[in-house]
Structure formats: C-alpha cells, structure tokens
Amino acid sequence: METKTIETHHVPVRYFEGGKGEPLVFLHGAGGVTAEDPFLAKLAEKYHVYAPLLPGYGDSQECGELREMLDITLHTWDVVAALGLKDPILVGHSMGGMIAAEMAAIAPNDVSRLGLICPAGLWLDDHPIPDIFAMLPYELPAVLFHDVAAGTALMTAGVALDDPEWLKGFLVQNARQLGMAGKILFPVPDRGLSQRLYRVKAKTVLVWGDGDKLIAPVYAHSWKKAIAGAELVSIPEAGHLMTLEKPGHVAAALAKLG
Amino acid sequence: MKFTWFNLMPWPYLPDDFREKHRSVWVDIDSRLFDPAKSHEVYNSYMDMLEYAGTLGFDGIGVNEHHQNGYGIMPSPNIIAAGLARRTSDVGLVVLGNSIALYNPPVRVAEEFAMLDCISGGRLVAGFPVGTSMDTNYCYGQIPALTREKYQEAHDLIRRAWSDPDPFAWNGRYNKLRHVNIWPRPIQDPPPIHIPGGGSVETYDFCIDNTYSYSYLSFSGYIRAKALMQGYWDRVAQRNAPDESPYRAGFAQTICVADTDEEAERLYSEHVSYFYNRCLHVYGGFADAPGYRTIKTIQTGALSQYAPPIGGYSELTWKDLIEQGHVIAGSPETVRQRMEDLIKGLNVGNIFCLLHVGNMPMDKCMHSTKLFAEKVMPHLRGMFPDYKDDNRFWCKPLAKRVKPGSLPAEKEIAAMVGGKD
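Every residue gets a number counted from 1 within its own chain, in the order that chain's sequence is written. Labels are handed out in written order, letters beginning with A for the chains and numbers beginning with 1 for the ligands. It should be noted that, the model being predicted, local features are given only for residues of pLDDT at least 70 and side-chain atom pairs only at 80 or more, the latter also being counted only at that level, while totals for whole chains, interfaces and linings use all residues.

## Here we look at the overall build of chain B
When helices and strands are counted, chain B shows 14 helices and 11 strands. Computed over C-alpha atoms, the radius of gyration of chain B comes to 22 Å, within 12% of the 22 Å expected from 2.2 N^0.38 for 421 residues, which places it in the range of a compact globule. Based on the C-alpha atoms only, the size of chain B along its principal axes is roughly 70 × 55 × 50 Å. Three exposure classes are used. Buried residues have 20 or more other C-beta atoms within 10 Å of their own C-beta, exposed residues have 12 or fewer, and partly exposed residues fall in between, all C-beta atoms being placed from the backbone. Among the 421 residues that make up chain B, the fraction classed as buried is 49%. Note on contacts: each residue gets a C-beta atom placed from the backbone, and two residues are in contact if those atoms are within 7 Å. Long-range pairs, those at least 24 residues apart, make up 79% of the contacts in chain B with a sequence separation of at least 6. Helical segments are the DSSP runs of H or I of at least four residues, strand segments are the runs of E of at least two, and each set is numbered from the N terminus. The quantity called the radius of gyration is restricted to C-alpha atoms. Its globule counterpart is 2.2 Å times the number of residues to the power 0.38.

Structural data, given as structure tokens:
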C-alpha cells in the first residue's frame with residue numbers, strides 16, 4: 001500500500017492506497033490501521049483500496065474542528081469527494097463501521113454497497129459493551145481477540161514498557177487516536193444512529209465474529225433488523241479484531257456485495 | 001502566609017484487605033462499603049473538625065469535589081460550605097473547587113458561589129478545577145478531548161455572569177442561554193479564584209493571564225513537587241508577569257504534628273498508611289482518559305498526578321514517606337523546619353494543610369491540628385515580608401457581618417407587634 005495525503009476542507013488527510021479493481025473505501029476502527037495491515041492487503045487483491053486515517057491517527061494531523069458525529073460523518077464524505085470517488089464500496093470496521101453507517105444514513109442515494117464489520121454505534125442495555133477507554137493495554141487482548149495468546153503476542157511486539165521514551169510515545173499516540181475516537185465512542189458508543197438506520201438504502205453485508213467479546217454477536221441481530229435486506233455473515237473462531245485474525249474470511253464475506 | 005485547614009473527607013471504614021479485594025477506590029468502588037447510617041457521624045464529625053480549625057487561627061477551611069470516591073465523600077462541596085458558612089464567623093471558606101465543566105448550565109456555579117459569598121459575608125475563596133479524569137470523564141461522562149474547551153467556556157460564562165450588570169445572551173458551543181442574569185450576585189467582585197493544576201503549561205498561562213492562584217494539590221509532597229512548581233515560576237518570569245508573589249501559588253501537604261518525632265510515628269503512622277495504601281488505590285485504567293491531557297502536557301513528561309511511584313505506595317514505609325516528603329510529620333520544631341523548606345523551596349504563599357489523614361480519629365486530628373496552629377503556624381507567618389499586603393488572592397469579607405441566630409427574642413417580638421406579654 002502507498003501512503004499519501006489529500007487536502008480536505010478541515011485538514012490534510014493521510015490515506016493508504018493500493019490494489020486494482022472497483023474502488024473501495026475502508027474506514028478503520030478505534031485502534032487505527034497501518035499500511036502493512038493484512039486485511040488491506042487482502043482487499044487490495046480484488047479492489048482499488050483507499051483507507052483514510054481519521055485525523056490524529058498514525059502520523060496524520062489532528063483536527064479540533066471535528067467534535068461530534070455529524071462533523072466526522074461529513075468530513076469523511078469530504079474525504080471521499082477529495083479522492084474523486086463516487087459511490088465507492090464503503091466498508092468500515094468497528095468505529096469505522098459506525099461512521100460508514102452514518103454516511104449511508106445521511107446520504108442514502110450516494111451509497112449502494114455497504115460493508116459493516118462488527119460496527120459500533122448501537123447500545124443494548126442488556127449487553128453493555130466493555131469500556132475500552134478504562135482498560136490498561138494488557139487487558140485489551142482478552143476483549144479484542146478470539147485467540148487471546150496470539151492476540152497478546154501481536155499487540156506486545158515491540159513494546160518496551162520500561163522505556164520512558166516508549167511510554168511517552170505510547171501515551172501521545174493514545175491521546176491522539178483514542179482522544180479522537182472518544183468524541184464518538186465515549187462514554188457510551190451511541191450517537192443516535194438507531195434512529196437513522198432506516199434511511200440506509202445500500203445493499204448491506206454485516207460481518208461478525210462468533211467470538212466477539214467487545215461488541216457481542218447479539219448486536220448483529222439488531223443491525224440486521226435495522227437495515228432492510230442486510231445480510232449477516234458470521235465468522236467462527238474470530239474476535240472483534242477479526243480483520244487481523246481472519247482477514248481472508250472477512251474479505252470473502254464482503255465479496256457478497258458484488 | 002495563608003493556611004487553609006483542608007479536609008478530603010475520606011471514608012474511614014475501608015477494610016484491611018481493600019487493596020487485595022477491590023480494584024479501585026474511585027469510579028467503580030463497591031457501594032456496599034458505604035454505610036449511610038455510619039456516614040451520619042462521619043459527615044458531622046468532619047464538619048465539626050472544619051469548624052474547630054476555624055477557631056484556631058487558620059486563614060481558611062477547605063473543601064473539594066470528588067465523585068464516586070472512597071477518599072472524598074464530598075460530591076457537592078457547596079453543601080458542606082453552606083453548613084460551614086453558618087457555623088463559622090471569620091475564617092475564609094475555601095471551595096477548591098467546583099468542576100465547572102460538569103455543571104449544566106455552569107451558571108449554577110456562578111449562582112451557588114454567589115450564595116455562599118453572600119451568606120458568609122464575603123468569605124468565599126473560589127476554585128475552578130478542570131476536575132480529575134476519574135471525576136470528569138469516567139464518573140460524569142464528559143468527552144475527554146472536549147473537556148478543556150467546555151471548561152474554558154464555562155469559565156468565561158461564569159465570569160461574565162458575575163460581572164455583567166445586564167441580562168445577556170450566551171451563544172456558546174456547549175451552552176445556549178438566552179437570558180443570563182444571575183440573582184444573587186457575589187459580594188466580592190469577583191471572589192478570588194484558585195486553579196488546581198497538574199503541570200500543564202496552558203493552566204500556568206491561564207492563571208498568569210487572569211491573576212488566579214495556581215495550586216498544586218498533590219499527595220506526593222513538596223520534594224517531588226519541586227520541578228512542577230519551578231516550571232510554573234519559570235513561566236511566570238517568561239510571561240513577564242508583574243511580580244512573583246508567592247500568593248500566585250498554593251500547595252497541598254499532608255502534615256502530622258505530635259510532641260516528638262517518635263510520638264508522631266506512634267500516633268499517626270497507621271492512618272497515613274491507610275491513606276496511601278487504601279485511599280490512593282486507584283485502578284490505573286481510570287487515571288487518565290485518552291484525550292483528557294493535552295499532547296503538550298504529555299510531552300513535557302508530566303505523568304498524571306495520580307500515577308503512583310514505581311512499585312506503588314505499599315512499599316513505602318513511614319520513614320520513606322517522611323524522607324521523600326510525601327508527609328511532613330514530627331515534633332513542632334521538625335515540622336516547622338520542613339514547612340520552611342517547603343514554603344521557600346516552592347515559593348508558595350497558600351498552604352492547604354492536610355491535617356486529617358485517612359482514618360484518623362477526631363481526637364488525634366484535634367491534637368495534631370492544635371499543635372500545628374499554636375506551635376508551627378505562628379513561626380511561619382512572616383515568611384514573605386515583601387508581599388505581606390498582597391491580598392489579591394484571598395477573600396475580602398465585609399467589615400460588618402451578621403451573626404447567625406440573631407433573631408430578636410420572642411419576648412421582644414410580642415412587644416414589637418403589639419401583643420401582650
């Protein structure tokens with residue numbers, strides 16, 4: 001994947017681009033995405049992939065002007081326009097799925113294919129989503145992965161907790177990335193989307209890991225009910241970060257969008 | 001010097017195995033550890049202590065705001081301050097403070113502080129903290145990255161609500177009010193304002209620009225505070241503030257006084273240990289929500305003030321706590337020397353004396369407080385002769401104040417209204 005920057009109304013936006021085929025825009029989750037992400041590589045086998053970073057993610061510039069859901073939804077439309085795309089396949093993972101669904105609800109005639117990978121944005125009182133903002137790094141793998149041991153190894157590669165410089169870098173990255181994510185996910189990741197989902201006209205595929213311990217699979221049914229005609233693909237032995245655990249399976253599920 | 005007797009109001013019945021059995025004293029602390037019937041006595045004896053301190057020559061008595069917190073059972077300091085306003089007559093009422101981003105709308109703070117100032121005859125010293133991440137983000141749900149912007153707007157709104165004599169419209173980002181016109185208005189114009197901070201340059205500048213006193217309310221003592229306070233004074237010099245008055249700064253310090261150093265350890269060490277081991281047992285995930293502190297602050301290397309020392313507090317013995325300055329304890333002479341080091345070293349004119357510690361019973365607390373007031377405080381009074389008339393950061397009570405309970409006798413009423421006795 002190539003790393004590029006594009007100007008938008010509010011802020012220059014970093015994005016990764018690669019692959020050949022139909023244009024597909026991928027919106028990352030609260031943990032961000034890198035150019036080396038195996039899921040992007042998988043998608044690039046079939047599509048022309050654009051993966052923009054939300055301001056503050058990776059090395060991208062922060063944007064104080066983006067404060068709430070509508071700001072972020074419209075900004076992401078600005079990104080699609082700046083990339084010169086019209087009705088790309090729109091795919092989002094977790095927080096990115098929430099943004100993608102908002103985009104499809106606010107401009108239903110501009111999105112005809114929507115892929116939602118265990119999206120955030122709904123809240124069920126009987127199934128509260130664990131508070132990732134109140135978790136210490138070592139506690140995250142247990143809620144993010146099906147295979148916790150493998151997930152832990154993945155997350156702790158290159159970690160040097162006893163190095164103050166590493167720690168400072170980590171805290172700065174957290175403040176930039178999760179600080180931004182918090183604007184739509186903190187303290188409860190519900191910004192009223194359930195009232196707007198009826199507007200979505202896109203052909204929609206929902207992909208959920210059977211072993212998702214962050215946003216439990218029961219949420220998939222609420223999404224399916226809220227978007228007319230949505231198709232649900234369940235992936236066995238996959239957790240919330242199934243784009244890392246099962247990139248091939250997730251990409252295959254999205255192929256149902258045509 | 002301005003000495004404030006400050007009470008955090010810790011819950012004194014946290015069990016011995018609190019650290020082992022519970023993950024946090026704050027945010028998700030087990031509600032079953034709170035006993036409402038016992039709290040009746042706890043609240044009243046704490047308020048008695050504050051009032052007692054008010055009779056001993058302290059300049060102020062102080063309260064603060066925490067939520068869902070086992071070491072601070074004061075979600076509303078204004079309720080306590082209202083009680084104190086009626087039962088004290090001369091001492092300053094230091095409310096340090098109200099987390100103004102949490103009040104909806106924030107004119108509520110303008111109103112309640114005005115009420116406190118009016119009831120007390122101009123004795124209010126007001127504090128506007130951003131609030132800890134535990135209180136502000138985790139308990140009260142404010143979005144971390146927007147907390148400071150919301151705080152700033154609340155501040156601007158409160159200041160204008162106090163000073164603008166006419167009704168005005170407020171079209172803020174976080175507050176839309178068509179008719180702001182608070183009633184009552186404070187006696188002091190405005191009450192002195194203290195801002196608790198944790199080392200961010202933005203807060204230094206905010207205090208310098210507005211002539212507010214910067215206070216560092218840490219529990220880790222004056223030795224560790226040196227770098228942070230020096231950062232503040234460097235900034236004061238850099239920004240060409242008109243003076244370096246020590247009253248531009250305040251510091252909270254845990255203090256225990258006994259007749260001798262040995263006696264101090266014997267009397268107080270278990271209560272100090274209770275505070276540092278149980279009361280400060282905060283789950284790390286609640287210490288600092290991402291986005292709550294600015295990038296600039298993180299980059300200056302300031303760790304959250306709630307970050308425990310490496311290894312945690314449990315490994316610190318009484319000797320460690322004393323030597324590292326977390327606690328100043330000992331005979332009046334020992335405490336006096338150490339307080340001088342603190343006051344000179346940090347250049348602070350406002351001292352928030354944490355003389356009640358952990359689960360300290362009232363008799364010990366009175367003993368320590370009285371010794372401090374009589375045998376330590378008088379020797380520290382004249383430390384900043386150049387600034388002895390600097391009253392910018394302290395309350396200015398009305399010269400003539402009423403006493404509570406001054407209704408006419410029932411007998412006189414009968415005569416006044418023409419009744420027969």
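## Some thoughts on the overall build of chain A
Within chain A one finds nine helices and eight strands. The C-alpha radius of gyration of chain A comes to 17 Å, within 12% of the 18 Å expected for a compact globule of 258 residues. Projected onto its principal axes, the C-alpha positions of chain A cover 50 × 40 × 35 Å. Here chain A, with 258 residues, has 48% of them falling under the buried criterion.

## Things to note about the packing of helix H12 (residues 332–346) of chain B against helix H13 (residues 362–380) of chain B
Residue and element names in this part refer to chain B. Helix axes are fitted to C-alpha atoms over the stretch in contact, other axes to C-alpha atoms as well, and angles between N-to-C directions run from 0 to 180 degrees. For the pair H12 and H13, the least separation of the axes is 10 Å and the interaxial angle reads 45°. Judged by the inter-axis angle, H12 sits oblique to H13. Note that H12 runs across H13; the crossing there is right-handed. Where H12 abuts H13, its residues Pro332, Val335, Arg336, Met339, Glu340 and Ile343 lie against Leu371, Phe372, Lys375, Val376, His379 and Leu380. For classification purposes, angles smaller than 35 degrees are called roughly parallel, those larger than 145 roughly antiparallel, those between 65 and 115 roughly perpendicular, and all remaining angles oblique. Note: crossing handedness is left-handed where the near helix turns anticlockwise from the far helix by less than a right angle, and right-handed where it turns clockwise.

## A closer look at the interface of chain A and chain B
By a widespread convention, an interface's size corresponds to the accessible area lost as its parts come together. Contacts between the two partners involve 18 residues from chain A, matched on the other side by 17 residues from chain B. Throughout, the ten residues Ala, Val, Leu, Ile, Met, Phe, Trp, Tyr, Cys and Pro are labelled nonpolar, Asp, Glu, Lys and Arg are labelled charged, and all others, Gly among them, are labelled polar. Here the residues of the side of chain A that touches chain B sort into 11 nonpolar, three polar and four charged.

## Side note on H13(B)
Residues and elements named next belong to chain B. When the terminal C-alpha atoms of H13 are compared, their 25 Å separation across 19 residues agrees well with the 27 Å that a helix rising 1.5 Å per residue should span. Take the seven residues that end at a residue and the seven that start at it, fit an axis to each, and the angle between those axes is the bend at that residue. Maximal helix bending in H13 amounts to about 40°, located at Ala373. Buried residues of H13: Cys365, Ser368, Thr369, Leu371, Phe372, Ala373, Val376 and Met377, and no others. Multiply 1.5 Å by the residue count of a helix minus one, and that product is the helix's expected span.

## Focus on the confidence of the model for chain B
Confidence of the prediction at every residue is given by pLDDT, a number between 0 and 100. A residue-level look at chain B finds 96% of positions with pLDDT of 70 or above and a mean pLDDT of 94. Across the whole predicted complex the pTM is 0.95, and at the interface the ipTM reaches 0.94.

## Remarks on the pairing of strand S10 (residues 327–330) of chain B
Residues and elements named next belong to chain B. Of the two faces of S10, the one carrying Val327 and Ala329 and the one carrying Ile328 and Gly330 are both buried. Pairing between strand S9 (residues 249–257) and S10: four bridges, direction parallel. Opposite Thr254, over in S10, you have Val327 as the bridge partner. Between any two strands, pairing holds if DSSP finds at least two bridges.

## Considering unusual backbone geometry
Residues and elements named next belong to chain B. That bond from Asn104 to Pro105 is cis: its omega, -5°, falls within 30 degrees of zero. Mapped onto the elements, Pro105 comes out in the loop between strand S3 (92–95) and helix H4 (107–120). For Thr211, which is not a glycine, the phi torsion comes out positive at approximately 55°. Tracing the backbone shows Thr211 in the loop between helix H7 (201–210) and strand S8 (213–216).

## Focus on the pairing of strand S2 (residues 13–18) of chain A
Residue and element names in this part refer to chain A. Pairing of strand S1 (residues 2–6) with S2 involves five bridges; the strand directions are antiparallel. Bridge pairing links Thr3 to Phe16 in S2. Note that S2 and strand S4 (residues 47–52) share four bridges and pair antiparallel. Looking at the pairing, Gly18 lines up with Val49 of S4.

## Focus on the packing of helix H2 (residues 36–54) of chain B against helix H3 (residues 77–87) of chain B
All names here are of chain B. Relative orientation of the contacting elements H2 and H3 amounts to 45°, with a least axis distance of 10 Å. One finds that H2 runs oblique with respect to H3. Two packed elements cross with a definite hand, and for H2 against H3 that hand is right-handed. For the pair H2 and H3, the contacting residues are Met47, Leu50 and Glu51 in the first and Ile80, Gly83, Leu84 and Arg87 in the second. When the residues that make up the contact of H2 with H3 are grouped by side-chain class, the tally is four nonpolar, one polar and two charged.

## Details of the sheet that holds strand S3 (residues 22–27) of chain A
Residue and element names in this part refer to chain A. Overall, mixed pairing links the eight strands, which are arranged S1-S2-S4-S3-S5-S6-S7-S8 in an open sheet. Two strands bound the open sheet, and with one partner strand each, they are S1 and strand S8 (231–235). Put simply, the sheet's adjacent strands are angled 20° from each other on average, direction ignored. Pairing analysis gives four bridges linking S3 to strand S5 (residues 89–93), with the strands arranged parallel.

## Some words on helix H8 (residues 221–238) of chain B
Residue and element names in this part refer to chain B. Between its terminal C-alpha atoms H8 stretches 26 Å, which fits the 26 Å expected from 18 residues at 1.5 Å a residue. Maximum bend of H8: about 40°, positioned at Ala227. Within H8, the full set of buried residues consists of Gly221, Tyr222, Ala225, Leu228, Met229, Tyr232 and Val236. The first or second residue beyond H8 is Asn240, which carries a positive phi of 55°.

## Some points on the environment of B:Asn181
Along the chain, the position of B:Asn181 falls in the loop between strand S6 (176–180) and strand S7 (193–196). Taking the C-alpha atoms as reference points, B:Asn181 and B:Gly60, 121 residues apart in sequence, are found 30 Å from one another.

## Some points on the environment of B:Lys2
All names here are of chain B. Considering the arrangement of structural elements, one finds Lys2 in strand S1 (residues 2–6). In sequence terms Lys2 and Gly405 are 403 residues apart; their C-alpha atoms lie 29 Å from each other. If we skip the residues at most four places from it in the chain, Lys2 touches Asp59, Gly60, Gly349, Asn350 and Trp394.

## Describing the environment of A:Thr34
Residues and elements named next belong to chain A. Tracing the chain through its elements places Thr34 in the loop between S3 and helix H1 (38–44). On the basis of neighbour counts, which here come to 14 C-beta atoms within 10 Å, the residue Thr34 falls in the partly exposed class. As a C-alpha pair, Thr34 and Gly58 span 24 residues in sequence and 7.6 Å in three-dimensional space.

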